[in-house]
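Analysis of the macromolecular model
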Amino acid sequence: MIATRKFEHTYNFAFIDERTKREIRRKILKAIAIPGYQVPYSSPEMPIARGWGTGGLHASLSIIGPDDVFKIIDQGSDASVNACNLRDFVRRMTSCRTTFDTAEATLIQTRHRKPEEILTERQIIVFQVPQPEPLRSVERYEFKTRIMHAEADYAKMWVALYESYVKFGAIMNGAGYPVRVNGRYIMTPSPIPRWDVPNLSMAPCLHVFSAGREKRLHCVPPFTRVEPLEFEDVKFRVEEFREIVCAASGGDRAFMDEIYESESTRKFVINDSDFLDKVRLGQRPPQRLFQNPV
Amino acid sequence: MNCQDSDTGWLLRVRNLTKIYGEPIATSVQYTGPRFNSNICPETDAIVACAEINFDLYPGEVLGIVGESGSGKSTLIQLLYFDQVATAGEVYLSALDEAQTNLLTLSNQRKRHARNTLMGMVYQNPRDGLNFGFSAGGNIAEKLLMAGSFHVGRIRERAAYLLGKTEVPVARMDHTPSTFSGGMQQRVQISKAIANNPPLLFLDEVTSGLDVSVQARVLDLIRQLQRELGVSMIVVSHDLAVIRMLTDRTMVMKNGRIVESGLTDQILQDPQHAYTQLLVSSLL
Amino acid sequence: MNPILDVRNVSKHFHLHIQNQKHIAALTDVSFQMAEGEILGLTGKSGSGKSSLMKCLYRTYLASSGEMHFRTEAGSVVDLVTAREHEIIRLRQTEIVYCSQFLSVIPRVPAADVVAEALLRRGGDRAEALERAKELLDRLGLPRELWDAFPATFSGGEQQRVNVARAIIAAPRFLLVDEPTASLDLKTKDVVIDLFLAQKARGSSIVLITHDAHTLARMCDRRLHLEFGRVTEAVTA
């Protein structure tokens, strides 16, 4: 953290220098222009270690302006240590207002979740991505995966899904379910649960996915088709929380955390902390729910 | 007198197919080949792996390519299967764009599509043809998926049928080929190669690494499939016994060139070229 | 006459590169014609060129010069010396059959299948073809227990029968038959001869090589006598 106020003020607005911000913004524009395509970018040094959200910070700090209202969550929670530290950092470096309220925020940075509440045209969501390459699990060479993307050669990805189904009776990709963007590139939506995947498609907000360690970013622009890979007879499904009610709010129809109280008892709590707070206040923020095929 | 007749009806047409490694110059092809008993360009040391390859293959025909190691026979089918990029030449398939498009000029995407739907390849080494990270069924599924079949049930049905056809126990469909015997790996390769009923199959020394008795069974299988499916084949082998058993026609290669071609029995009983005579006289 | 075969000035010599460029003349300036439905016997001593001529007709040997015009079922004329290979392959599958002295078959295929395969290649039902194959083998007196055995293990006479059955099962238009009765007993010999004559009666033409006077006398319409690779006389039987 920054040691003194004097020292703090020697930094540029939003920490990163303007030329680098411009470079990252150019790369984001390119990624918007080619939905799902991974654009290499500079990934400058940050005062946190790579793999701790540097990619998300790069994207957020490059596009944040003095009027933006910033929200950051980690696994759905505004209160986790990582989120708190990064929020503090962004506020100090920008003097921007921060919020827990999903609806109020104009720029949301997240790790491993997309908020339950529907995001609008005036909002941008930045995902912290550990591994941006969906093909890495089937092809270890970068030069080969690039050719595979260029030629839309996704045979191995499909076979991996087939194998997963054959071995486990279901496609087991719990987080980071591979999706096809705009009918072309296969992309990882970052390790969000399957629950969030349908909410990427035709969404009004802009999604920026940024992997600082891997120096790649990709985007899903507003109102862009995002289709989870599925077979004709084995369809994509989201997690089911049938007859489960949030122990803290009484709410249902949201992604739940499973909490073990003891060895024999467990309870479920809505994962998205802001959404949970709103449900507790008796509100029902707008949501888009996916219906699993029968 | 039959030129016109024979100019139609072919499945595969290859003209002047050439592959040169290194830096070719204008005379590289001219100063290499059987006449010079070398495929190395004397000026630049470029290697002329194959050159001036011309032939037509007809539906249902089995063409053998025989020659010693380094004669260019494997390179030739690797070029046709797009495993390698040709330096020059033209290749036409009657089933593609009504034979109007030179396959070598296709985009990689279209090449892959042609390869997945119109061709099959069985390599000498099963590791070249199979992905050992996937199950036997997954390997077959790869071909089916790429031909646009995205129905797991139907994929498994087809894979089971193909494995049955090639005498691989269907119970082992979900096992990885690394747990299979050499002969069984070749059978899985064959299943994969014929998964989409391609009109054209390439076989590269498919029995070379196998025990004699296993070899015989694999050859029997290939013959049987050829008859049942009516598929055209190009069989590469250094083993004249394999060539005699499987093929109708044979091309003899040396130093990257075709030195002689003819009906297989004619090549074996009345070889014209000095090299072929030497080769045939060495047959046990 | 509209001949099925018109051979003009065919010569064949072998040039052996690896044996000091040795040169062997096998056939010199051979000319003859054959009518449809005719059986032509080739006679002459061993080494006179009979088998070479037959192999040239089948394209197992490449004639060095000359022409061999074959009239196909469709009525077109094909020069067997220069025809494209796929054309020859097609003719071998449909019209021209070579019945050699020695059985050269794919290993590990049962006798009945060897015979049936010739019919299957022209398209046809497998069960039916097998039925027909067994019928022929039965007629030729091949013991029933051998039908499912591999011919490679058969005696000369047994192999001969498989060979004959294979040659005629698909009723080809043009048969090249080399010593069909050599290792057979008299009774089987006559069965074989009758089978070939039945082919002739259906309109097939046959070129025959035999040293057996009985076979020659019963089968041939005409003889062509060869000496040192030249036709010395053509005799109408």
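Definitions and cut-offs
Residues numbered from 1 in each chain as written. Chains lettered and ligands numbered in written order. Predicted model: local features only at pLDDT ≥ 70, side-chain atom pairs only at ≥ 80, totals over all residues. Helix = DSSP H or I, 4+ residues; strand = E, 2+ residues; numbered from the N terminus. Rg over C-alpha atoms; globule rule 2.2 N^0.38 Å. Buried ≥ 20, exposed ≤ 12 C-beta atoms within 10 Å, placed from the backbone. Contact = placed C-beta atoms within 7 Å. Nonpolar A, V, L, I, M, F, W, Y, C, P; charged D, E, K, R; others polar. Domains from an automatic or database assignment. Pairing = 2+ DSSP bridges. Core = buried A, V, L, I, M, F, W, Y, C linked by C-beta atoms within 7 Å. Expected span 1.5 Å × (residues − 1). Arc of directions from axis to C-beta. Axes fitted to C-alpha atoms, helices over the stretch in contact; angles between N-to-C directions. Parallel < 35°, antiparallel > 145°, perpendicular 65-115°, else oblique. Left-handed = near helix turned anticlockwise from the far one by under 90°.

**Notes on the overall build of chain B**
Looking only at helices and strands, chain B features 11 helices and 9 strands. Against the compact-globule benchmark of 19 Å for 284 residues, chain B has a radius of gyration of 19 Å, which places it among compact chains. The dimensions of chain B, computed from C-alpha atoms along their principal axes, are 55 × 45 × 45 Å. Of all 284 residues assigned to chain B, the portion counted as buried reaches 53%.

**What to know about the overall build of chain A**
The secondary structure content of chain A amounts to 7 helices and 12 strands. Computed over its C-alpha atoms, the radius of gyration of chain A comes to 19 Å, within 12% of the 19 Å expected for a compact globule of 294 residues. Viewed in the frame of its principal axes, chain A has a C-alpha envelope of about 60 × 50 × 35 Å. Taking all 294 residues of chain A together, the buried fraction comes to 44%. For chain A, the share of sequence-separated contacts (at least 6 apart) that also reach a separation of at least 24 residues comes to 62%.

**Re the interface of chain A and chain B**
Of the residues lining the interface, 14 residues belong to chain A; the matching set on chain B comes to 17 residues. Looking at the side of chain A that touches chain B residue by residue, the class counts come to 9 nonpolar, no polar and 5 charged.

**Concerning the domain arrangement of chain A**
Residue and element names in this part refer to chain A. What the domain assignment lists for chain A is domain 1 (5-133 + 179-228) and domain 2 (240-284). Relative placement of domain 1 and domain 2: their C-alpha centres are 26 Å apart. Contacts between domain 1 and domain 2 engage 13 residues on the former and 7 residues on the latter. Looking at the side of domain 1 that touches domain 2 residue by residue, the classes come out as 5 nonpolar, 3 polar and 5 charged.

**Some thoughts on the interface of chain B and chain C**
The interface is formed by 23 residues belonging to chain B together with 20 residues belonging to chain C. Within the residue set of the side of chain B that touches chain C, elements represented by two or more residues are helix 8 (212-229), strand 9 (257-263), helix 10 (264-269) and helix 11 (274-281) of chain B. The residue inventory of the side of chain B that touches chain C, partitioned by class, reads 7 nonpolar, 8 polar and 8 charged.

**Section: the pairing of strand 2 (residues 22-34) of chain C**
The side chains of a regular strand alternate between both faces of the sheet. Residues and elements named next belong to chain C. As judged from the 9 bridges shared by strand 1 (residues 5-16) and strand 2, these two strands associate in the antiparallel manner. Across the sheet, lysine 12 pairs through a bridge with leucine 27, a residue of strand 2. The turn joining strand 1 and strand 2, which pair antiparallel and follow one another in sequence, is formed by 5 residues; a positive phi near 55° is taken by asparagine 20.

**As for the nonpolar core**
Counting 213 residues, the largest nonpolar core has A:Val208, C:Val115, C:Ala165 and C:Leu208 as the members making the most contacts within it. Considering every element that reaches this core, the biggest residue donor is strand 2 (residues 47-57) of chain B, with 7 residues. Those residues in contact with A:Val208 that lie beyond four places of it in its chain are A:Ile28, A:Ala59, A:Ile124, A:Val126, A:Phe127, A:Leu217 and A:Cys219. Counting 9 residues, the second-largest nonpolar core is a separate cluster that includes A:Ala254, A:Phe255, A:Met256 and A:Phe275.

**Considering helix 4 (residues 81-94) of chain A**
Residue and element names in this part refer to chain A. Across its 14 residues, helix 4 extends 20 Å between first and last C-alpha, which sits within 8% of the 20 Å expected from 1.5 Å per residue. For helix 4, every residue scored as buried is listed here: Ala83, Leu86, Arg87, Phe89, Val90 and Met93. The buried side chains of helix 4 occupy one side of the element, clustering within an arc of 165° when seen end-on. In the core, the buried residues of helix 4 are packed alongside helix 3 (54-63), strand 2 (69-74), strand 3 (97-98) and strand 4 (107-111).

**Overview of the sheet that holds strand 2 of chain C**
Residues and elements named next belong to chain C. Spatially, the 4 strands line up as an open sheet ordered 2-1-4-5, and their pairing is antiparallel. With partners counted over all chains shown, the strands left at the sheet margins are strand 2 and strand 5 (77-79), one partner each. Strand-to-strand twist across the sheet, computed as the mean angle between neighbouring axes with direction ignored, equals 25°. The pairing of strand 4 (residues 65-71) with strand 5 spans 3 bridges and is classified as antiparallel. The partner of arginine 71 across the bridge, within strand 5, is valine 77.

**Structural notes on helix 7 (residues 273-280) of chain A**
Residue and element names in this part refer to chain A. A large share of helix 7 lies buried, amounting to 6 of its 8 residues. All buried positions along helix 7 are accounted for by Ser273, Asp274, Phe275, Leu276, Lys278 and Val279. Trailing helix 7 by a residue or two, glycine 282 shows a phi angle of about 85°, which is positive.

**Some words on the arrangement of the chains**
Ranking the 2 pairs of chains in contact by number of contacts places chains B and C first. The closest approach of any C-alpha atom in chain A to one in chain C is 37 Å; the two make no contact.

**Some words on the environment of C:Val30**
Residue and element names in this part refer to chain C. Within the secondary structure layout, valine 30 lies in strand 2. Along the backbone, valine 30 and leucine 53 are 23 residues apart, and their C-alpha atoms lie at a distance of 8.7 Å. Among residues more than four places away in sequence, those in contact with valine 30 are Val7, Val10, Leu53 and Val231.

**Description of the sheet that holds strand 3 of chain A**
Residues and elements named next belong to chain A. The 7 strands lie next to each other as 1-9-8-5-4-2-3, forming an open sheet whose pairing is mixed. Both outer strands of the open sheet, strand 1 (39-40) and strand 3, are each paired with one neighbouring strand and no more. When strand 1 meets strand 9 (residues 216-220), the two strands line up antiparallel, connected through 2 bridges. By the bridge assignment, proline 40 is partnered in strand 9 with arginine 216. On top of the sheet, helix 2 (residues 18-33) reaches strand 1, strand 8 (206-211) and strand 9; it is set at about 45° to strand 9, its chief contact.

**Here we look at the packing of helix 3 (residues 111-120) of chain C against helix 5 (residues 156-168) of chain C**
Residues and elements named next belong to chain C. Running from N to C, helix 3 and helix 5 cross one another at 25°; their axes reach a closest spacing of 7 Å. In terms of their interaxial angle, helix 3 and helix 5 are classed as roughly parallel. In the packing of helix 3 onto helix 5, the handedness of the crossing is right-handed. Packed against helix 3, whose contacting residues are Ala111, Val114, Val115 and Ala118, the element helix 5 presents Val162, Ala165 and Arg166 at the interface. For the contact of helix 3 with helix 5, a count of residues per class yields 6 nonpolar, no polar and 1 charged.

**Structural notes on the environment of A:Val294**
Residues and elements named next belong to chain A. Inspection of the secondary structure assignment puts valine 294 in the segment after helix 7. Given 4 C-beta atoms within a 10 Å radius, valine 294 is considered exposed. Along the backbone, valine 294 and lysine 235 are 59 residues apart, and their C-alpha atoms lie at a distance of 9.6 Å.

**Re the packing of helix 6 (residues 155-168) of chain A against helix 5 (residues 136-146) of chain B**
Direction vectors running N to C along helix 6 of chain A and helix 5 of chain B enclose 130°, while the axes themselves pass 9 Å from each other. The angle between the axes of helix 6 of chain A and helix 5 of chain B places the two elements in the oblique class. Here helix 6 of chain A runs over helix 5 of chain B; the crossing is right-handed. Together, A:Ala155, A:Trp158, A:Val159, A:Tyr162, A:Glu163 and A:Val166 of helix 6 of chain A and B:Gly137, B:Gly138, B:Ala141, B:Glu142, B:Leu145 and B:Met146 of helix 5 of chain B make up the contact between the two elements. A breakdown of the residues in the contact of helix 6 of chain A with helix 5 of chain B according to their chemical character gives 8 nonpolar, 2 polar and 2 charged.

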